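Analysis of the macromolecular model
Letter by letter, the chains look like this.
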Amino acid sequence: MATKKFMYVNRKAPYGTVYALESLEVVLIAAAFEQEVSLAFIDDGVYQIAKGQNTDGIGMKNFSSTYNALGDYEVNKLYVEKESLEERGLTADDLMPIMWEDEDEDWAEKPSVRIVSRAEMADILAEQEVTYSF
Amino acid sequence: MALVVNGAEVATDEEGYLEDLSVWTPEIADAMAKEEDVDLSDEHWDIINFLREYYEEYQIAPAVRVLTKAVGKKLGKDKGNSKYLYSLFPYGPGKQACKYAGLPKPTGCV
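All values reported here derive from a predicted model rather than from experimental measurement.

Attention shifts here to the overall build of chain B. Along chain B, the regular secondary structure elements total five helices and two strands. In terms of overall size, chain B behaves like a compact globule, its C-alpha atoms giving a radius of gyration of 13 Å where 110 residues would be expected to give roughly 13 Å. On the principal axes, the C-alpha backbone points of chain B span a range of 40 × 25 × 25 Å. Looking at chain B residue by residue over its 110 residues, the buried ones come to 30%. In chain B, the share of contacts with a sequence separation of at least 24, taken over all contacts with a separation of at least 6, comes to 48%.

Now the structure itself:
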């Protein structure tokens, strides 16, 4: 099977709708088929990988720790739009430090989150072969 | 479907996975294995315990490929291959081991 560049664009807050969780599940399934998978976090989607999520009051499963498993699935390109962070008063420090381990470098830990400008994000999206929007 | 462990009924779905993950005990794993004529060895428990830790940390049951790689890293290269895992769990390391570990069926499991 040929490898294609898959992009999952996440624009919605993690809870309140099923989009974020559904997206994450589809990502994990697609990654199991060894495709080249990237994720983009834009608009309220940046809250999906925010630190310190607590769902005790809303009766939903807190699935934020699952983003830390993405590295095991060789999904290590999580693009976050800088302007979306700024518009919400957030910085890189407000995001979970999601890492992946490079098997070729004795499992060295490397960051998966890459903050890019809106213009850079447009270029990244243009390079993809398959794009899913959630 | 229900499994009887120490005289108490444990609810499982039609494929034998626990309905309520929080009720899991090692005795439940033993009872599930017995139903499939499997005696759980220390090697089985290494994988079951590994899966439970993985689920605790990431809230998902890992895909077989991920499990294989992670077991190789944690328990040694001689165990991080599908031949070894299938020798322990002939019905598929993902499905069968996750079931005994009280986890949901792995996401994307085929």
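All names here are of chain B. In this structure, Asn-6 is a non-glycine residue whose phi angle is positive, near 50 degrees. Among the structural elements, Asn-6 can be located in the loop between β1 (2–5) and β2 (8–11). A residue is classified by how many C-beta atoms lie within 10 Å of it, and Asn-6, with 9 of them, is exposed. For Gln-59, which is not a glycine, the phi torsion comes out positive at approximately 65 degrees. Of note, Gln-59 is situated in the loop between α2 (42–58) and α3 (64–75). Classification of Gln-59 by C-beta neighbours within 10 Å gives partly exposed; the count is 17.

Turning to helix α1 (residues 26–35) of chain B, a few remarks are in order. Because the α-helix completes a turn every 3.6 residues, residues three or four places apart line up on one side. Residues and elements named next belong to chain B. The complete set of buried residues in α1 reads Ile-28, Ala-29 and Met-32. An end-on view of α1 places all buried positions within 100 degrees of arc, on one side of the element. In α1, the exposed residues that point more than 90 degrees away from the buried face are Glu-27 and Lys-34. Among the structural elements, β1, β2, α2 and α5 (93–100) are those in contact with the buried residues of α1. Immediately downstream of α1, the backbone of Asp-37 shows phi near 60 degrees, a positive value.

A few words on the sheet that holds strand β6 (residues 113–116) of chain A. Residue and element names in this part refer to chain A. Read across the sheet, five strands follow the order β6-β3-β2-β1-β7 without closing on themselves; strand pairing throughout is parallel. Across the chains shown, the open sheet's two edge strands, defined by having one partner strand only, are β6 and β7 (130–133). Across the sheet, the mean angle from the axis of one strand to that of its neighbour is 25 degrees, orientation sign disregarded. For strand β2 (residues 36–41) and strand β3 (residues 78–81), the ladder comprises three bridges, and the chain directions are parallel. For Ala-40, the partnering residue across the bridge sits in β3 and is Tyr-79. The strands touched by helix α1 (residues 19–32) are β1 (5–10), β2 and β7; relative to β1, the strand with the most contacts, the crossing angle is about 170 degrees. Those strands touched by helix α3 (residues 118–126) are β1, β2, β3, β6 and β7, and its axis lies near 140 degrees from that of β3.

All right, on to the interface of chain A and chain B then. Across the boundary between the two partners, chain A contributes twelve residues, which contact twelve residues of chain B. Classifying every residue of the side of chain A that touches chain B by side-chain character gives seven nonpolar, three polar and two charged.

Residue and element names in this part refer to chain B. At their nearest, the axes of α2 and α5 sit 9 Å apart, and the two run at 80 degrees to each other. The pairing of α2 with α5 is recorded here as roughly perpendicular in orientation. In this structure, α2 uses Ile-47, Ile-48 and Leu-51 to contact α5, whose residues at the interface are Pro-93, Ala-97, Cys-98 and Tyr-100. Split by residue class, the contact of α2 with α5 holds seven nonpolar, no polar and no charged.

Of the residues in chain B, 95% reach a pLDDT of 70 or more, and the chain-wide mean stands at 88. Confidence scores differ between elements of chain B, with β1 of chain B showing the lowest mean pLDDT of 80 and α2 of chain B the highest of 94.

Before going further, it helps to examine the pairing of strand β4 (residues 99–102) of chain A. Looking at chain direction, β4 of chain A and strand β5 (residues 108–111) of chain A are connected through four bridges and run antiparallel. Opposite Met-99 of chain A, over in β5 of chain A, you have Pro-111 of chain A as the bridge partner.

So, on to the environment of Val-116 of chain A. All names here are of chain A. With respect to the helices, strands and loops of the structure, Val-116 is situated in strand β6. For Val-116 and Glu-81, which are 35 residues apart along the polypeptide, the C-alpha to C-alpha distance reads 5.2 Å. Setting aside residues up to four positions removed in sequence, Val-116 forms contacts with Tyr-79, Glu-81, Lys-82, Met-121 and Ile-124.

Parameters and conventions
Residues numbered from 1 in each chain as written. Chains lettered and ligands numbered in written order. Predicted model: local features only at pLDDT ≥ 70, side-chain atom pairs only at ≥ 80, totals over all residues. Helix = DSSP H or I, 4+ residues; strand = E, 2+ residues; numbered from the N terminus. Rg over C-alpha atoms; globule rule 2.2 N^0.38 Å. Buried ≥ 20, exposed ≤ 12 C-beta atoms within 10 Å, placed from the backbone. Contact = placed C-beta atoms within 7 Å. Arc of directions from axis to C-beta. Pairing = 2+ DSSP bridges. Axes fitted to C-alpha atoms, helices over the stretch in contact; angles between N-to-C directions. Nonpolar A, V, L, I, M, F, W, Y, C, P; charged D, E, K, R; others polar. Parallel < 35°, antiparallel > 145°, perpendicular 65-115°, else oblique. pLDDT = per-residue confidence, 0-100.

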